[in-house]
Amino acid sequence: VDGHYTSDYKVYKYILFGTGSSRLSSWLKARMNFGGSAHTGSEYDNNLMYSYRNTSSNSTGNNIHDDGNNNNYMPCNWWGTGDTEGTNVIEIIVPAPQDTAGNAKIIGVNFWGHDNGSTLNFGQSVSRLDAQKTTASTGLSFYPESGSGFIGAGWKIQLYGLKG
């Protein structure tokens, strides 16, 4: 998703839905685009918190997962494959992607899903790109953690601009 950022909006929100593994070979990652190309350097820092509840056994759990520093991606969902329902919903907020004042580029992610038809999942993450601080971002590239791509595999992306 590239070339849609304009000076009319300060914050952008992506809504992705139908991104379960029936449409995707594994969990979803993103990279920021600059000049139409994804930044692939190992300069992304990520932190992830998630929880789950099994609807048949009523067992629950949660975790704070430091996905690490110096990765070459930002996680968009994390609990793995097996979403046979195809009900993942991912909300990504990108504040000031066109900022060239020397600030790190940041995204915030909320995701929801129904894994294997019996476990409800919720997660939040924050990622930053501590490079390209003085270059305007032009979009986000999405790709699976492993396996082949998924564009056109029945899932949808909506992009909204918010005035600030």
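Predicted model only: the values in this text are computed from it and were never measured. (Residues numbered from 1 in each chain as written. Predicted model: local features only at pLDDT ≥ 70, side-chain atom pairs only at ≥ 80, totals over all residues. Heavy atoms only, no water.)

Draft legend 1. Quick look at the overall build of the protein chain. Within the protein chain, the secondary structure is distributed over zero helices and eleven strands. When the helices and strands of the protein chain are read in sequence order from the N terminus, they spell out β-β-β-β-β-β-β-β-β-β-β. Considering only contacts within the protein chain whose residues lie at least 6 apart along the sequence, 75% involve residues at least 24 apart. With an accessible surface of roughly 7800 Å², the protein chain has 47% of that area assigned to carbon and sulfur atoms. (Helix = DSSP H or I, 4+ residues; strand = E, 2+ residues; numbered from the N terminus. Contact = heavy atoms within 4.5 Å. Areas by Shrake-Rupley, 256 points an atom, 1.4 Å probe, with all protein chains shown as cover.)

Draft legend 2. Spotlight on the pattern of salt bridges. Considering all chains together, one arrives at four salt bridges under this definition. Aspartate 130 is the partner of arginine 128 in a salt bridge, and the nearest nitrogen-oxygen pair spans 3.8 Å. Judged by its relative accessible area of 34%, aspartate 130 is partly exposed. Among the charged side chains, a salt-bridge network with shared partners connects Asp45, Arg128, Asp130 and Lys133. (Salt bridge = Lys/Arg side-chain N within 4 Å of Asp/Glu carboxyl O. Buried < 20%, exposed > 50% of the residue type's maximum accessible area, 1.4 Å probe, protein only.)

Draft legend 3. The arrangement of the packing of aromatic side chains in detail. All told, the structure shown has three aromatic pairs when counted by the stated rule. Considering the side-chain rings of tyrosine 5 and tyrosine 12, the 4.5 Å spacing of their centres and the 40 degrees angle between planes classify their relative orientation as tilted. By relative accessible area, tyrosine 5 is classed as buried at 8%. Taken together, a centroid distance of 5.9 Å and an interplanar angle of 75 degrees make the contact between tyrosine 14 and phenylalanine 142 edge-to-face. (Phe/Tyr/Trp six-rings, centres within 6.5 Å; stacked < 30°, edge-to-face > 60°.)

Draft legend 4. Expanded view of the pairing of strand 2 (residues 28-34). Most of strand 2 is tucked away, with seven of its seven residues classed as buried. Here strand 2 runs beside strand 3 (residues 37-38); their pairing, made up of two bridges, is antiparallel. By the bridge assignment, asparagine 33 is partnered in strand 3 with alanine 38. The turn linking strand 2 back onto strand 3 is made up of two residues, and glycine 35 within it adopts a positive phi angle of 60 degrees. (Pairing = 2+ DSSP bridges.)

Draft legend 5. View of the nonpolar core. Counting residues in hydrophobic clusters, the biggest one holds 24 residues, and the most contacted among them are Met32, Ile92, Leu140 and Phe142. With four residues, strand 2 is the single largest residue contributor to this core. Apart from the residues within four sequence positions on either side, leucine 140 is in contact with Val1, Tyr5, Tyr14, Arg31, Met32, Asn33, Met74, Ile92 and Val94. (Core = buried A, V, L, I, M, F, W, Y, C linked by side-chain atoms within 4.5 Å.)

Draft legend 6. Structural detail: the side chain of lysine 29. Structurally, the position occupied by lysine 29 is in strand 2. The exposure class assigned to lysine 29 is buried, which follows from its relative accessible area of 10%.

Draft legend 7. Representation of the confidence of the model for the protein chain. Per-chain confidence: the protein chain averages 81 in pLDDT, with 79% of residues scoring 70 or above. In the model of the protein chain, strand 5 (residues 60-71) stands out as the element of lowest mean pLDDT, 78, in contrast to strand 3, which has the highest, 93. (pLDDT = per-residue confidence, 0-100.)

Draft legend 8. Seen up close, the pairing of strand 10 (residues 139-144). Where burial is concerned, most of strand 10 is hidden: five out of the six residues are buried. In this structure, strand 2 lies alongside strand 10, joined through six bridges in antiparallel fashion. Bridging from a neighbouring strand, methionine 32 pairs with leucine 140 of strand 10.

Draft legend 9. Here's a closer look at the environment of serine 42. Checked against the element boundaries, serine 42 lands in the loop between strand 3 and strand 4 (44-54). On the basis of relative accessible area, serine 42 is assigned to the partly exposed category, the value being 43%. Sequence spacing of serine 42 and asparagine 71 is 29 residues, and the spatial spacing of their C-alpha atoms is 4.6 Å. Not counting residues within four places of it along the chain, the set of residues in contact with serine 42 comprises Asn70, Asn71 and Asn72.

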